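Tertiary structure, described
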Amino acid sequence: MKNFFNAIGVADMEKVHSAMIAWILDNENDTTFSANQGGVNSLFSTFPIAERSALLCGMFHENQRVFKSIKTHVEWNDIDIMIETEDGNGQKEIWVIENKLKSQEHKSNVSSDEKQKWNINADEIWQTEKYEHIICDNFPNDSHHYLLLSLGG
């Protein structure tokens, strides 16, 4: 048994890997609850926000910083993992992960509307190139970060 994913029998399921990464990073897992009946509120999360921030920055080889919020999306516009962060000053950033387990990056079809909007002549472009266009269209004022996560190199 090499790792957790092998142990539960989903080592080759890309969507499970993506969902796990998203789950670890996302603020949705932060839950406030009352302990005992004394009304003591406590915050439970997968990891403290500082650790999740460090993990995200480390994956992208970016300078370490702590975010106020981390919101993840799996399979958003065909993007494996799209992450929205905001720091304490209101600075927003978008982080994109293309997750490849048993395949390599491939080309994606480009619609005629996309070709015109993105000024592209080809009928196909690389997935990551298409995702960059999608992110720039939807988040033109935010900083963008991209990562191709691959076991195959």
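Conventions adopted
- Residues numbered from 1 in each chain as written.
- Predicted model: local features only at pLDDT ≥ 70, side-chain atom pairs only at ≥ 80, totals over all residues.
- Heavy atoms only, no water.
- Phe/Tyr/Trp six-rings, centres within 6.5 Å; stacked < 30°, edge-to-face > 60°.
- Helix = DSSP H or I, 4+ residues; strand = E, 2+ residues; numbered from the N terminus.
- Buried < 20%, exposed > 50% of the residue type's maximum accessible area, 1.4 Å probe, protein only.
- Contact = heavy atoms within 4.5 Å.
- Pairing = 2+ DSSP bridges.
- Axes fitted to C-alpha atoms, helices over the stretch in contact; angles between N-to-C directions.
- Core = buried A, V, L, I, M, F, W, Y, C linked by side-chain atoms within 4.5 Å.
- Arc of directions from axis to C-beta.

Evaluated as defined, the whole model comprises three aromatic pairs. Here tryptophan 76 and phenylalanine 139 contribute two aromatic rings whose centre-to-centre distance is 5.8 Å and whose plane-to-plane angle is 45°, an arrangement assigned as tilted. Highlighted residues: tryptophan 76 in strand S3 (residues 69-76) and phenylalanine 139 in the loop between helix H5 (127-138) and strand S8 (143-150), separated in sequence by 63 residues. Three or more aromatic residues link up through ring pairs in this structure, and these residues are Phe60, Phe67 and Trp95.

Among the secondary structure elements, lysine 130 is positioned in helix H5. Given the relative accessible area of 13%, lysine 130 is considered buried. Once residues lying within four places of it in the same chain are set aside, the contact partners of lysine 130 are Ser108, Asn109, Glu114, Trp118 and Ile125.

What follows covers the sheet that holds strand S4 (residues 79-86). Where strands meet in a sheet, backbone hydrogen bonds hold them as pairs that are either parallel or antiparallel. The strand order across the open sheet built from four strands is S3-S4-S5-S8, with neighbouring strands paired in mixed fashion. Edge positions in the sheet fall to S3 and S8, since each of these pairs with one other strand and no more. Strand-to-strand twist across the sheet, computed as the mean angle between neighbouring axes with direction ignored, equals 20°. Sheet analysis places strand S5 (residues 92-100) next to S8, joined by eight bridges and oriented parallel. Counted as the bridge partner of glutamate 98 is leucine 148 from S8.

The next point concerns the nonpolar core. Core analysis: the largest hydrophobic core is formed by 13 residues, its most contacted members being Leu56, Phe60, Ile83, Trp95 and Ile97. At the level of elements, helix H2 (14-25), helix H3 (49-59), S4 and S5 are the ones that each hand at least two residues to this core. The dominant element in this core, judged by the number of residues it contributes, is H3, at three residues. If we ignore the near neighbours within four places in the chain, the residues touching phenylalanine 60 are Trp95, Val96, Ile97, His145, Tyr146 and Leu147. If you look at the next biggest cluster of nonpolar residues, it comprises twelve residues, including Val110, Ile120, Tyr131 and Ile134.

What follows concerns unusual backbone geometry. Positioned with a positive phi, aspartate 78 is a non-glycine residue whose angle comes to about 70°. The residue aspartate 78 is located in the loop between S3 and S4 in this model. Notably, asparagine 119 is not glycine yet its phi reads approximately 55°, a positive angle. On the basis of relative accessible area, asparagine 119 is assigned to the exposed category, the value being 70%.

Looking now at the side chain of serine 53. Along the polypeptide, serine 53 turns up in helix H3. Once you skip the residues sitting within four places of it in the chain, serine 53 turns out to touch Gln64, Arg65, Val66, Phe67 and Ile70.

Moving on: H3. Within the span of H3, buried status applies to Arg52, Ser53, Leu56, Cys57 and Met59. Down the axis of H3, the buried side of the element spans an arc of 160°, and every buried residue falls inside it. In the stretch just after H3, histidine 61 is the one whose phi turns positive, near 55°.

The next subject is the pairing of S4. In terms of burial, S4 is largely enclosed, as seven of its eight residues are buried. Both S3 and S4 contribute to a ladder of seven bridges, which runs antiparallel. Bridge assignment links tryptophan 76 to a residue of S4, and that residue is isoleucine 79. With antiparallel pairing between neighbouring strands as the criterion, S3 and S4 make up a hairpin whose turn holds two residues, including asparagine 77 at a positive phi of roughly 50°. Pairing of S4 with S5, which is carried by six bridges, proceeds in the antiparallel orientation. Residue pairing across strands places glutamate 84 opposite isoleucine 94, the latter belonging to S5. Hairpin connection between S4 and S5: a loop of five residues separates the two successive antiparallel strands, and glycine 90 in this loop has a positive phi of roughly 85°.

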